[in-house]
Amino acid sequence: MLGSRIRDVPDYPKPGIVFKDITPLLADPAAFRVMTGEFARQARESGATKVVGLEARGFILAAPVAVAAQIGFIPVRKAGKLPGAVHAVSYALEYGEATLEIHRDSFVPGDRVLIVDDVLATGGTAAAAVEAIRRCGAEPVGLSVLMELGFLGGRGRLALDSPSLPVTALLTV
Ligand SMILES: O=P(O)(O)OC[C@H]1O[C@H](OP(=O)(O)OP(=O)(O)O)[C@H](O)[C@@H]1O
Ligand SMILES: Nc1ncnc2[nH]cnc12
């Protein structure tokens, strides 16, 4: 049901990339509710005390999870968007390079953090988020994504740095 709401867009944003467009899913309230409920269940089962969303599509998915699971939402933003003191991590993703940032004071001691995003491709973005959270002194307890592009090896890449981090995908291609 969720898979039928994701649209393939060939050659976007670059030739050779098949872009997984989640906007049809976001426009379908039943599908959005199913997805949010599944992520919220994972948040509860992992004992997460915070949900991190990755700008920009990750924000849309993670914010309702935080509300449903009744835990705080923490934004990881692209460089230059957060007003406070930040930790910054640069990384490569399937179709480019970027720097993400997180407020240094995002967490309290003992916080357990579930990262929520739409797509796990090469794993560069997720690995950078894990590093940023750790630099803040908090513990990542899971990565939950809507769709994993298995052929790009993101899960294996994450396992190199974080062998015990549970990675859960609602859909895998
Ligand atoms: O596994 P990777 O190869 O790192 O790719 C996955 C990331 O790529 C996309 O983010 P993008 O930077 O395009 O941001 P957006 O949400 O602002 O479109 C997607 O939302 C993931 O965060
Ligand atoms: N193929 C893809 N589709 C959508 N988002 C992505 N992020 C990285 N690769 C992607």
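Shown above is the structure to which this text applies.
Residues take numbers from 1 onward in each chain, read along the sequence in its written order. As they are written, the chains are lettered A onward and the ligands numbered 1 onward, keeping that order. Since the coordinates come from a predicted model, pLDDT governs what is reported: local features require at least 70, and pairs of side-chain atoms require 80 or more to be given and counted, while whole-chain, interface and lining totals use all residues. Only heavy atoms go into the side-chain values, all of them from the structure, while hydrogens and water stay out.

### Quick word on the site of ligand 2
The condition is simple: In this text, near means that some heavy atom of the residue lies within 4 Å of the molecule or strand in question. Throughout this description, a polar contact denotes any pair of N or O atoms lying within 3.5 Å of each other; where both atoms belong to protein, one of them has to be capable of donating a hydrogen while the other can accept it, and for residues adjacent in sequence the pair is counted only when both atoms sit in side chains. Think of it this way: any DSSP run of H or I at least four residues long counts as a helix, any run of E at least two long counts as a strand, and we number them from the N terminus. For this classification, Asp, Glu, Lys and Arg are treated as charged, while Ala, Val, Leu, Ile, Met, Phe, Trp, Tyr, Cys and Pro are nonpolar and the rest, including Gly, are polar.
In the region of ligand 2, the neighbouring residues are Val18, Phe19, Lys20, Arg57, Glu94, Tyr95, Val119, Ala121 and Leu149. Measuring from a nitrogen atom of ligand 2, one finds a side-chain N or O atom of arginine 57 at 3.0 Å. Measuring from a nitrogen atom of ligand 2, one finds a side-chain N or O atom of glutamate 94 at 2.4 Å. In terms of residue count, strand 2 (residues 18–21) provides more of the shell around ligand 2 than any other element does, three residues in total. Classifying every residue of the shell around ligand 2 gives six nonpolar, no polar and three charged.

### Regarding the side chain of lysine 20
The cut-off we apply is this: Contact definition: two residues touch when any of their heavy atoms are within 4.5 Å.
Tracing the sequence through the fold places lysine 20 in strand 2. Other than its neighbours up to four places away in sequence, lysine 20 contacts Ile6, Arg7, Asp8, Arg57, Val119, Met147, Leu149 and Val173.

### Examining the packing of aromatic side chains
The following threshold applies: Under the pairing criterion, centres of Phe, Tyr and Trp rings, with the six-membered ring standing for Trp, must be within 6.5 Å; the plane angle then separates stacked pairs below 30 degrees from edge-to-face pairs above 60, leaving the rest tilted. Working definition: with a 1.4 Å probe on protein chains only, accessible area under 20% of the residue-type maximum means buried, over 50% means exposed, and in between means partly exposed.
Taken as a whole and judged by the stated rule, the model has three aromatic pairs. Residues tyrosine 12 and phenylalanine 19 carry aromatic rings whose centres are separated by 5.1 Å and whose planes lie at 85° to one another, so their mutual orientation is edge-to-face. Among the residues examined, phenylalanine 19 registers a relative accessible area of 13% and is labelled buried. Taking the centre distance of 6.4 Å and the plane angle of 35° together, the rings of phenylalanine 19 and tyrosine 95 count as tilted. Pair noted here: phenylalanine 19 is in strand 2 and tyrosine 95 is in the loop between strand 5 (86–93) and strand 6 (96–103), with a separation of 76 residues, a long-range link. Owing to a relative accessible area of 23%, tyrosine 95 belongs among the partly exposed residues under this scheme. Ring pairs connect the aromatic residues Tyr12, Phe19 and Tyr95, which therefore count as one cluster.

This is a description of form; function is not addressed.
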